[in-house]
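# Secondary and tertiary structure notes
So you can see what is in the structure, the chains are spelled out below.
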Amino acid sequence: MWCLELLVTLLLIIKDASCQWNVWVPRDISAMTNSCVVIPCTFMYPAGVRPYRGIHGIWYFGQPYPQLFPPVVFKTRTDVVHESYKGRTKLLGDLHQRNCTLLINNIGTEHSGRYYFRADLGGANMYTYPDFAELKVLDQPNIDVPEEIVSDENLELTCYAPDNCPDMTPEIQWLYTDYLPDPEFSTDYLEESNTAVLSSTLTFVPRPMHNGQLLGCRVYYPNTTLVYERLVSLDVKCKLQSTSCCDGGQPVVLHCEVDSNPPSKISWMFGDQELLWDTASNISLPLDDVTPAQEGIYTCVGDNGYGMMNTSLYLAVKYPPREPLVNDSMTVQEGASLALHCSTQGSPAPTLTWLKDGELVATITADELSVLEIVEITPRGDGQYRCLAENEHGRASSSLNVTVEYAPVLLEESKCTVVREGVQCVCMATGNPEPTIEFYLPDVNVTINETDGRYNFYTHTDGHTSTGMIKLREKGDRFDNGGPAVNVHCSISNMHGRREQKYMMAVIVGTIGGVAVIAFIIAAVRYVGHNNKKENGNPRQEVVLENPALYYSAVKKDKQNLRKKVLKTELLGSKFNSILEETTGEDGDYQPVGSMAGLEKQELNYAALEFIGARPREGASGRGDDGSNYTEIKAK
């Protein structure tokens, strides 16, 4: 836990400090990027100085002298600071208590440098203290690695994380330690000069096979997204008398020399197998094109009848990763869970990385086995998965394909629209296997699919997306019951499911369209008259339209029948079924949608109203006999 200690007690025991300008700040302090840092600060001024209008302070960056215009980090008199410190700094200390502690939030590497404090006691009593605090902003943790790492000797690696932000406490985690023999971890907390550092030490005994291995230190702040990592590669030195290292595929010669009298019988042993022997003072064992199978302990044994001696060495063979072994390509259903395995061999032990379509999808593993677990896979999990194995001598990879099958899903582009030729319905769906699309017209009990050529049925497949389209034309689309197709159902299906979407299409053309337009005209006229009456506040006034333009056309020559249709449309409002009933013939059958039958080549002309300069007319009544509001409209 970070704590901020005031140094008042320490300052009281400093002799003669009260008669001069002094400041105490930590000489070195560090913090991680995007975190915060607190710079402890305590200052003194001569006892004879009396503050004039309070005590103020300024923090400078880089330079202590105001005449050099250094960036202002914080200033008590104003909020004017350098652009890079706006909204980041805050004075935690009380200057009247001689505490000038500074907080800097959301720091970056550009904030690394020296920080100076300047006291302002009013008048000429201003002083910039030459002592400074040097801030180091780190983008990765520090790892203390010995200059020399020797095989079979105890090794300690220490990772450090600064803890100078009061709102966040770091934690340290070591990475890629699974292959280490009996690793030990210890944590320590160091506080010095009011600054704190958290450290974690990793202890183990390296072997020749660990040469080139990666180790990592991760620093993170719980409950935040701040994570920092650093990797180091082990450079393990082998003792010549006991161990030899070589690269695979290259020749190696093991040499053994024995000083004895009489000469000794010298043998080279690999495990329990004797590879070579001779009676001599020395013997050499050549190994051509060394393979990983030849890695192990080799022992030289000397025996002259009066005594025996032996010495052993470990031959470590370095080689690039072998081609990883992965699962066979597979097909799974949406929602299934699966585990992808990747195993390989290499020396040093390779790092394994899982990639999906070229993007990283799992944590890098420093081991010869990596398992990628996918829980409840979705269609997005469909693709190519590649396991990449790497070490300092090369890389290798293997891939597999995961195909995800799922029930069809209707896309937003699916809809019916009115086009010049009539009604066009488009149904788009995605699924695996590709969905089959059918249209159903419930009003006439007709199913439209690829085997039906009456309705301009069209289908297209692109990958896992299928598109179906039909066109119901204005003319000629009559069915056995003589009615129009205004309800359209789209059905999508594959082996994993079936779904249906319903559409309602109201195609108003011919006589129905004319009735709807005239109804709209009457409603618009009454709405304008009613609003003018309310605005003028006189119920006896009626509206006269100056220069109105009324464009109209008759749908049928029989005006009496047209008025009946308008009145009925006005009474029924927007009830579409009532409008359809008005369009029925004497025998009760529906007229065909879009058909021109019954109009005898009469065109549907739309009517528009244009109101210009409406004003009330004196002496005119604005209310009918039945008490309803009305408006007089004149045509120009």
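It should be noted that the structure appears before, not after, this text.
Below or above, wherever it landed, is the structure these notes cover. Starting afresh in each chain, residues are numbered from 1 along the sequence in its written order. This being a predicted model, a pLDDT of at least 70 is required before a residue's local features are given, and a value of 80 or more before pairs of side-chain atoms are given or counted; all residues contribute to the totals for chains, interfaces and linings. With hydrogens and water stripped out, all remaining heavy atoms of the structure feed into the side-chain values.

As a further point, take the overall build of the protein. In terms of regular secondary structure, the protein is built from four helices and 48 strands. In what follows, residue pairs with any heavy atoms lying within 4.5 Å of each other are defined as contacts. Considering only contacts within the protein whose residues lie at least 6 apart along the sequence, 65% involve residues at least 24 apart. The method behind every accessible area is Shrake-Rupley, applied with a 1.4 Å probe, and residues are considered shielded solely by the protein chains displayed. Counting every atom, the protein has about 35,600 Å² of accessible surface; 48% of that belongs to carbon and sulfur. To qualify as a helix, a DSSP run of H or I must reach at least 4 residues; to qualify as a strand, a run of E must reach at least 2; elements of each kind are numbered from the N terminus.

With that out of the way, let us pick up the packing of aromatic side chains. Under the pairing criterion, centres of Phe, Tyr and Trp rings, with the six-membered ring standing for Trp, must be within 6.5 Å; the plane angle then separates stacked pairs below 30 degrees from edge-to-face pairs above 60, leaving the rest tilted. One pass over the structure, following the stated rule, counts 15 aromatic pairs. Centre to centre, the rings of phenylalanine 43 and phenylalanine 117 are 5.3 Å apart; their planes meet at 45°, and the pair counts as tilted. Linking phenylalanine 43 in strand 4 (residues 42-44) with phenylalanine 117 in strand 9 (residues 113-120), this pair joins segments that are 74 residues apart in sequence. Each member of the pair phenylalanine 43 and phenylalanine 117 is classed as buried. With a centroid separation of 5.2 Å and 65° between ring planes, the pair formed by phenylalanine 61 and tyrosine 115 is classed as edge-to-face. Of this pair, phenylalanine 61 sits in strand 5 (residues 56-61) while tyrosine 115 sits in strand 9; the two residues are 54 residues apart in sequence, bridging distant segments of the chain. Only protein chains enter the calculation, and the probe is 1.4 Å; a residue is then buried if its accessible area is under 20% of its type maximum, exposed if over 50%, and partly exposed in between. Classification of phenylalanine 61 as buried rests on a relative accessible area of 18%. Three or more aromatic residues joined by ring pairs make a cluster, and in this case those are Trp21, Phe43, Tyr45, Trp59, Phe117, Tyr127 and Tyr129. The aromatic ring of tyrosine 45 is capped on one face by arginine 98, whose charged end is 4.5 Å from the ring centroid. Two limits define a charge over a ring: the Lys NZ or Arg CZ must be within 6 Å of the ring centre, and within 35 degrees of the ring normal. Here lysine 265 stacks its cationic end above the ring of tryptophan 277, 4.9 Å away from the centre of that ring.

Further remarks concern the sheet that holds strand 34 (residues 369-374). In space, the three strands of this open sheet follow the order 28-30-34, with antiparallel pairing throughout. Only two strands of the sheet have a single neighbouring strand rather than two, namely strand 28 (325-326) and strand 34. Bridge analysis of strand 30 (residues 338-343) against strand 34 gives six bridges, and the strand direction is antiparallel. The residue bridging leucine 340 from the neighbouring strand is leucine 372, located in strand 34. Strands were regarded as paired on the criterion that DSSP finds at least two bridges between them.

These figures capture arrangement, not role.
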